[in-house]
Amino acid sequence: MAKPYYEFFCPVKIVAGHMALEHIPFELSTLQAKRPMIITDKGVRGAGLLAHVEAAFEGAESVIAAIYDDVPPDSSLTTVRDAATMFRANNCDAIIAIGGGSVIDTSKGVNILVTEGGDDLMKYMGAHNLKRPLKPFFVVPTTSGTGSEVTLVAVIADKEKGVKMPFTSYFLMPNAAVLDSRMTITLPPHITAMTGMDALTHAVEAFTCMAHNPMSDAYATAAISKISQNLMKVMEDPKDAEGRLELAQASTMAGAAFSNSMVGLVHALGHSLGAVCHLPHGLCMSLFLPYVLEYNLETSADRIGELLLPLAGADVYAATPKAQRALKAIAHIKSMRDELYSRCKLPRTLKETGKVSLDQLEHVAELTINDGSIIFNPKETDYEEALAILKKSWE
């Protein structure tokens, strides 16, 4: 059935390659920016990744005017204010975020403050409260998972109140995402596995949830195919630059897909489990993905069956009768999880995480049915059903 109406929006320029970083000074010059500030975290700096970026500025007109490397794993209001203060003190005129989701979210928050003035981020919270373009903003992802480099959302924690605040605006989207294989080549195996499954979930939910459209489908299926073909290669050989670049592109494609077609029950469960048990987001996605697909079979078997082609390839797809494709696709995802478990002990069940207890599941289920992502799931879910999926994910 053709969708009567949809929107697809992704204005972020993608600069990708094994030497993509060298293009940053030119991209800055096209926006008349000369004094960028780098925002990153201690891990990225400690891994020596900033050296590649600093080298790209040798002999350039623009100079790196400041480096803020104090972003915590969960971005906070205080961090955003501190970084904004440094930006102003050094007369910076652009932001380069180098890191994963938290660094990118922090940078989006900083960009709001340094563009709008003041230090009250709260007044821009919620959807579409920004009225004009922000300062030039570039993102260099160092994981291949979140897709934040092409999304219009930032989530920043108010530590004092203990809440996570969402910010949504088209103006939060970066001017460019710079995908360079050198930036993910040092990722340890378990983070490579978690972020790969995170990107896979973004793509699968973008394809199977209710707001999917022909444009998001194209990005989602391409992302799934790249992850299926390259995740295990990179687990086998972490220094495989081609494979790393393919995973980085897959993550960005999945980000473009889900920010236009939304996510569903895997994310609702994952957000809730993450909030209660403080597990990494990518791990939460991997834990729930096959069980939610099984739950959605009743309404979406054909759609889930179509995933078999990008997941397993043309031969397997052609050899599998249409009625069996959905179950085969889910089995393929389970076998990917088994292989990741054997390679880096990435947990497959809630029990295997060692950080979840059975008596927490009811609370997680309560949070799940109030999570915004659940609206786009193809099959409605109540508390009992959410709890049943959690119990199925236990062992």
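Details of the structure are given in the entry above.
Sequence order sets the numbering: in each chain, residues are counted from 1 along the sequence as written. Local features in this predicted model are restricted to residues of pLDDT 70 or higher, and side-chain atom pairs are both shown and tallied only at a pLDDT of 80 or more, whereas totals for entire chains, interfaces and linings draw on every residue. Neither water nor hydrogens contribute to the side-chain values; these are computed over all heavy atoms in the structure.

Asks: Can you walk me through the overall build of the protein chain in this structure?
Replies: A run of DSSP states H or I qualifies as a helix once it reaches four residues; a run of E qualifies as a strand once it reaches two. Both are numbered from the N-terminal end. Along the protein chain, the regular secondary structure elements total 16 helices and nine strands. Across its three principal axes, the protein chain shows a C-alpha extent of roughly 60 × 45 × 45 Å. To sort residues, take the accessible area from a 1.4 Å probe on protein chains only and compare it with the maximum for the residue type: under 20% means buried, over 50% means exposed, and anything in between is partly exposed. Among the 395 residues that make up the protein chain, the fraction classed as buried is 56%. Pairs of residues are marked as contacts when any of their non-hydrogen atoms sit within 4.5 Å. Contacts in the protein chain between residues at least 24 apart in sequence constitute 77% of all its contacts with a sequence separation of at least 6. Within the structure as shown, the protein chain displays about 16,400 Å² of accessible surface, and the carbon and sulfur contribution to it stands at 55%. The charged-residue count follows a simple rule in which Lys and Arg add positive charge and Asp and Glu add negative charge, with His and chain termini not counted at all. Here the site of a charge means atom NZ of a Lys, CZ of an Arg, CG of an Asp or CD of a Glu. The averaged location of the 45 negative side-chain charges in the protein chain is 1 Å from the averaged location of its 35 positive side-chain charges. Shrake-Rupley sampling with a 1.4 Å probe provides the accessible areas, and residues are treated as covered by the protein chains on show and by no other component.

Asks: It is not clear to me how the environment of Ala-154 should be interpreted in this structure. Could you clarify?
Replies: Its place among the elements puts Ala-154 in strand β7 (residues 153-158). Using a relative accessible area of 1% as the deciding quantity, one classes Ala-154 as buried. For the pair Ala-154 and Leu-273, spaced 119 residues apart in the sequence, the C-alpha separation amounts to 19 Å. If sequence neighbours within four positions are ignored, Ala-154 has contacts with Asp-105, Lys-108, Met-165, Pro-166, Phe-167 and Leu-172.

Asks: Help me understand the nonpolar core, please; the structure alone is not making it clear to me.
Replies: Burial of nonpolar side chains together is a common tendency in soluble globular proteins. We define the nonpolar core as a collection of buried residues of types Ala, Val, Leu, Ile, Met, Phe, Trp, Tyr and Cys that are connected through side-chain atoms lying within 4.5 Å of one another. If you look at the biggest cluster of nonpolar residues, it comprises 65 residues, and the most contacted ones within it are Leu-200, Leu-273 and Leu-350. By residue number, the principal contributor to this core is helix α10 (residues 281-306), which donates 11 residues. Apart from the residues within four sequence positions on either side, Leu-200 is in contact with Ile-224, Ile-227, Leu-289, Leu-311 and Met-336.

Asks: When you look at empty space enclosed by the protein in this model, what are you seeing that I'm missing?
Replies: If you roll a probe as big as a water molecule over the atoms, it shows you where there is empty space left. For each structure, a 1 Å grid was placed over the protein atoms alone; sets of points admitting a 1.4 Å probe that cannot get out are labelled cavities, open sets with protein on both sides within 12 Å along at least five of seven lines are labelled pockets, and lining residues have an atom within 4 Å of a point. Grid points are joined across faces, edges and corners, and a volume is the space filled by probe spheres set on the points. As enumerated under the stated definition, the model contains two cavities of 30 Å³ or more in all. Empty space within the largest cavity amounts to approximately 40 Å³. Of all the secondary-structure elements, those providing two or more residues to the lining of the largest cavity are α6 (189-208) and α10. Tallying contributions element by element places α10 first for the lining of the largest cavity, with four residues. A breakdown of the residues in the lining of the largest cavity according to their chemical character gives six nonpolar, three polar and one charged. Taken as a whole, the second largest cavity spans an internal volume of roughly 30 Å³. Tallied by class, residues from the lining of the second largest cavity come to four nonpolar, two polar and one charged. Each residue is assigned to one class: nonpolar for Ala, Val, Leu, Ile, Met, Phe, Trp, Tyr, Cys and Pro, charged for Asp, Glu, Lys and Arg, and polar for all the others, Gly among them.

Asks: Teacher, can you tell me more about unusual backbone geometry here?
Replies: Most peptide bonds adopt trans geometry, and most residues besides glycine take a negative phi value. Even without being a glycine, His-128 presents a positive backbone phi close to 55°. For His-128, a relative accessible area of 38% gives the class partly exposed. One non-glycine residue, Met-262, lies in positive phi territory at about 70°. Relative to the helices and strands, Met-262 is located in the loop between α8 (241-261) and α9 (265-277).

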